[in-house]
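# What the coordinates show
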Amino acid sequence: MKELAYQFLEGRISRRGFIQTLTALGVSSAGVTGTVRSLEAVSPSETSARTARDVTGTGGELMVEQMKAAGVKYLFTNPGSFEVGFFDAFLDQPMQLIMGLHEGIVISMADGYHKASGEPGFVNVHVIAGTAQSAGQLYNSGRDGSALIVTAGLIDNERTDDELMLAPRPGFDQKDVNRQFTKISWETRDPAAIPVMLRRAFKVATTPPGGPVYLALANHALEAKGVSAAIYDRDSFLIPDEIPPRAEDIERVATLLLEAQSPVIHVGDEVSRSGAQAEVLALAELLQVPVRDANGPFHNFPRKSPHYAGRYSSQSHDLILRVGVADTGGTSPGAPDAAGATVVWIGLNTANIGNDRPFDLAVIANAKLAMEALLDALAAMATRERLGVIRSNRPALEPGYREIDRTMVGHSPMHPDELGWALEQELDANAIVCSENLTGSNQFFGTGFRDNEKTWLSTAGVGLGWGIGASIGAKLGQPDRQVVCSIGDGSVMYSASGFWTQARYGVPVLTVVCNNRNYQTVRQAYARYNGKMKKENRYTGMHLGDPNIDFVQLAGSQGVEGARVESSADLVPALRRAVAATHAGQPYLLEVLVDREGDGGDSTWYQEFKLGNRPAE
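Below: a short report on this structure. Just so you know, these numbers come straight off a predicted model, no measurement behind them.

## Re the packing of helix α11 (residues 247-259) against helix α14 (residues 367-381)
Packing of α11 against α14 brings their axes to within 9 Å, and their N-to-C directions diverge by 60°. Of the possible angle classes, the one that applies to α11 and α14 is oblique. The hand of the α11/α14 crossing is right-handed. When α11 is examined against α14, the residues Ile250, Glu251, Val253, Ala254, Thr255, Leu257 and Leu258 are found in contact with a partner set consisting of Ala370, Ala373, Leu374, Ala377, Leu378 and Met381. Taken together, the residues that form the contact of α11 with α14 break down as eleven nonpolar, one polar and one charged.

## Side note on the side chain of Ser141
In this structure, Ser141 sits in helix α8 (residues 135-144). Within polar-contact distance, the side chain of Ser141 engages the side chain of Asp111 at 2.8 Å.

## With respect to helix α9 (residues 194-206)
Between its terminal C-alpha atoms α9 stretches 18 Å, which fits the 18 Å expected from 13 residues at 1.5 Å a residue. Burial within α9 is extensive, with ten of its 13 residues counted as buried. Where α9 is concerned, the buried positions are Ile194, Pro195, Met197, Leu198, Arg199, Ala201, Phe202, Val204, Ala205 and Thr206.

## Quick word on the nonpolar core
Soluble globular proteins: nonpolar side chains tend toward being buried together. Core analysis: the biggest nonpolar cluster contains 47 residues, and Phe76, Val123, Val150, Leu457, Leu476, Val492 and Phe499 have the highest contact counts within it. Top element by residues in this core is helix α6 (residues 103-117). It accounts for seven residues. Dropping the residues within four chain positions of it, Val150 is found in contact with Ile107, Val123, Val125, Leu138, Val213, Tyr214 and Leu215.

## A look at the pairing of strand β13 (residues 342-347)
Among the six residues of β13, five are classified as buried, and the element is accordingly described as predominantly covered. Summarising the sheet, β13 and strand β14 (residues 361-364) pair through four bridges and their orientation is parallel. Bridge pairing in β14 links Gly347 to Ile364.

## Topic: the pairing of strand β15 (residues 432-436)
Taken across its five residues, β15 has five buried, putting it largely inside the fold. Residues Ile432, Cys434 and Glu436 point to one face of β15 and Val433 and Ser435 to the other, with burial holding for every one of them. The pairing of β15 with strand β17 (residues 483-488) spans five bridges and is parallel. In the strand pairing of β17, Val433 is matched with Val484.

## What about the packing of α6 against helix α17 (residues 467-477)?
The geometry of α6 relative to α17 is characterised by a closest axis approach of 6 Å and an angle of 40° between their N-to-C directions. When the axes of α6 and α17 are compared, the pair comes out oblique. Judged by the twist between their axes, the crossing of α6 over α17 is right-handed. Only Ile468, Gly469, Ala470, Ile472, Gly473, Ala474, Leu476 and Gly477 of α17 make contact with α6, whose side of the interface consists of Ile105, Ser108, Met109, Gly112, Tyr113, Ala116 and Ser117. Looking at the contact of α6 with α17 residue by residue, the class counts come to nine nonpolar, six polar and no charged.

## Topic: the sheet that holds strand β10 (residues 291-293)
With respect to topology, six strands assemble into an open sheet ordered β11-β10-β9-β12-β13-β14, the strand pairing being parallel. Every other strand in the sheet has two partners, leaving β11 (308-311) and β14 as the edge strands with one partner each. In this sheet, adjacent strand axes meet at a mean angle of 20° when their direction is disregarded. Here strand β9 (residues 263-267) pairs with strand β12 (residues 319-323) via five bridges, running parallel. Bridging across to β12, Pro263 finds its partner in Leu319.

## Some points on the sheet that holds strand β6 (residues 184-188)
Within the open sheet, the six strands sit side by side as β3-β2-β4-β5-β7-β6. Their pairing is parallel. Only two strands of the sheet have a single partner each, and these edge strands are β3 (96-99) and β6. For this sheet, the mean angle separating the axes of adjacent strands, direction not counted, is 25°. Inspection of the sheet shows strand β2 (residues 74-77) paired to β3 by four bridges, in the parallel sense. Residue pairing across strands places Phe76 opposite Ile98, the latter belonging to β3. Of the strands in this sheet, β4 (121-125), β5 (148-154), β6 and β7 (213-218) touch α9, which is tilted by about 175° from β6.

## Description of unusual backbone geometry
Geometrically, the link from Pro208 to Pro209 is a cis peptide bond, its omega value of -10° lying close to zero. In this fold, Pro209 is placed in the loop between α9 and β7. For the bond from Ser412 to Pro413, the omega torsion is 0°, close enough to zero to count as cis. Assignment of secondary structure puts Pro413 in the loop between α15 (384-393) and α16 (416-426).

## Considering the pattern of salt bridges
With the rule as written, the count across this model stands at 27 salt bridges. In this structure, the salt-bridge partner of Lys368 is Glu279, at a minimum N-O distance of 3.0 Å. Of this pair, Lys368 sits in helix α14 while Glu279 sits in helix α13 (residues 277-287), and the two are 89 residues apart along the sequence. Classification of Lys368 by relative accessible area gives buried; the value is 6%. Assessed through its relative accessible area of 7%, Glu279 is described here as buried. Arg303 serves as the salt-bridge partner of Asp293, at 3.0 Å between the closest nitrogen and oxygen. Taken together, the residues Asp293 in strand β10 and Arg303 in the loop between β10 and β11 connect sequence positions ten residues apart. By relative accessible area, Asp293 is classed as buried at 1%. Salt bridges here are not isolated pairs; linked through shared partners, they connect Asp156, Glu158, Glu187 and Arg189.

Here is what the cut-offs are and how they apply
Residues numbered from 1 in each chain as written. Predicted model: local features only at pLDDT ≥ 70, side-chain atom pairs only at ≥ 80, totals over all residues. Heavy atoms only, no water. Axes fitted to C-alpha atoms, helices over the stretch in contact; angles between N-to-C directions. Helix = DSSP H or I, 4+ residues; strand = E, 2+ residues; numbered from the N terminus. Parallel < 35°, antiparallel > 145°, perpendicular 65-115°, else oblique. Left-handed = near helix turned anticlockwise from the far one by under 90°. Contact = heavy atoms within 4.5 Å. Nonpolar A, V, L, I, M, F, W, Y, C, P; charged D, E, K, R; others polar. Polar contact = N/O pair within 3.5 Å; in protein donor to acceptor, adjacent residues only side chain to side chain. Expected span 1.5 Å × (residues − 1). Buried < 20%, exposed > 50% of the residue type's maximum accessible area, 1.4 Å probe, protein only. Core = buried A, V, L, I, M, F, W, Y, C linked by side-chain atoms within 4.5 Å. Pairing = 2+ DSSP bridges. Salt bridge = Lys/Arg side-chain N within 4 Å of Asp/Glu carboxyl O.

These results come straight from atomic positions and should not be treated as a statement about function.
Next comes the structure, spelled out in structure tokens:
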């Protein structure tokens, strides 16, 4: 704990990362708050001096020195030849290179690392080709607001010849390829500017609302010699997000809560990012208020709490208190709020506050600080007796969490509910679950923020290929907690090279493949369309059998052991062996064959074709 405190004081770990680490270590919410405040009261003179230092070297060496000063611990990369100036400088540095075999999985590794640790993820990909190939996962990170610094080499197409191999096409810029998936994208051709542009990248990526940024660096800039620049540590360029609320705003919100007849709390990702889960739970319990969660990458409220009321939906509430919500819809706009309801929005993401619906009050503040202030205000404004009357007059809450229906156990093929229930029972109580199992039985996971609750990580972008890489990054970010990748069979094939990374670096992730040999999410959408495919029970491009993919062999070819479960009786013993393997420090894959659900579940039709059997022309 002492070393962790020194890291925080010296700026080697961010405030957010420090809070998340303390919480993961079991420190209470009050203890976390007290520790952070006491350390922040320490004057700069009592810690290391934070001054600039001048460095002379290659452009790549300047880049590496600024990375170290920014606190980078891991470099997630798929290396390329035109980044040689950078990788030559990286040799023998006190940072660990984590290699992925495709740029997409490199991005998802950094994304999972950021979500689990609170620290920005640092990435390097290969010039324009690697930049383009990272797009799918960069979309996910942009959608989730993940703080990533994505760098790449650049072959300069604005010199003598603009038709160069692995350069942007004539007249185009490399920074424009993925611009819409980033907060901002830059290019630099000046080696002396590399440190200041990296500092700018860290600042923009981490300042709320966070998000990925992109910096392309010309290969000649990385290779330039004898370049001098100033290097600053992270406290010189990272902007704190501890913005307190205005007292008058908090007093008004407290009054609204005390006077409301049927309030609801709608929580979003800023609750998890700021560490405000305990305060939200305390507020819900204090005033008997249901809590609904946004459709984001975190579970921001304990699923087993009787106050959890599911995902947000428009109901007859007279007060809607939104805390840290960035988005109210999904693949289509969300339903409007209840007519006549008073709407309060708390958070720092001013771009999304009121983006698709009106509000009565916007409180621009850090979610945790705002919730702490709100609890203090309520304690000052209402007696215990008044609070008791308010709770008794509020509607009774029906627990949203349900245990398994035992009629779903023992089927062949196995019902997905049996797998979901077994995972909840057999995994560590505080396991981190990285889920890319879109139609799995995820309702059984007892997720939350307390010691005996699992942590849920996913991507609101739902672009396939996230889970395996993200679980690797999450385990690197929280090495002392069990990390499980719950993933569908279709999703695995977007990122299967991640097993190689698990094996090379000994990252003991448990990957559980829910295998129904079908793109079930898409098939169910086809069925809802209610057209010819549903009528004829033939769903185009959905069946993933013939041949069946052997996921155990796929992982084994890359150095990860595994097993397949085909019967209900074998599930729990196999799961316990898998858990034991990861606790012993080895990655492991468990493939579980499950039944398909919904319309068309019995269909294995596909449009058959064999090239060698085609009719003669």
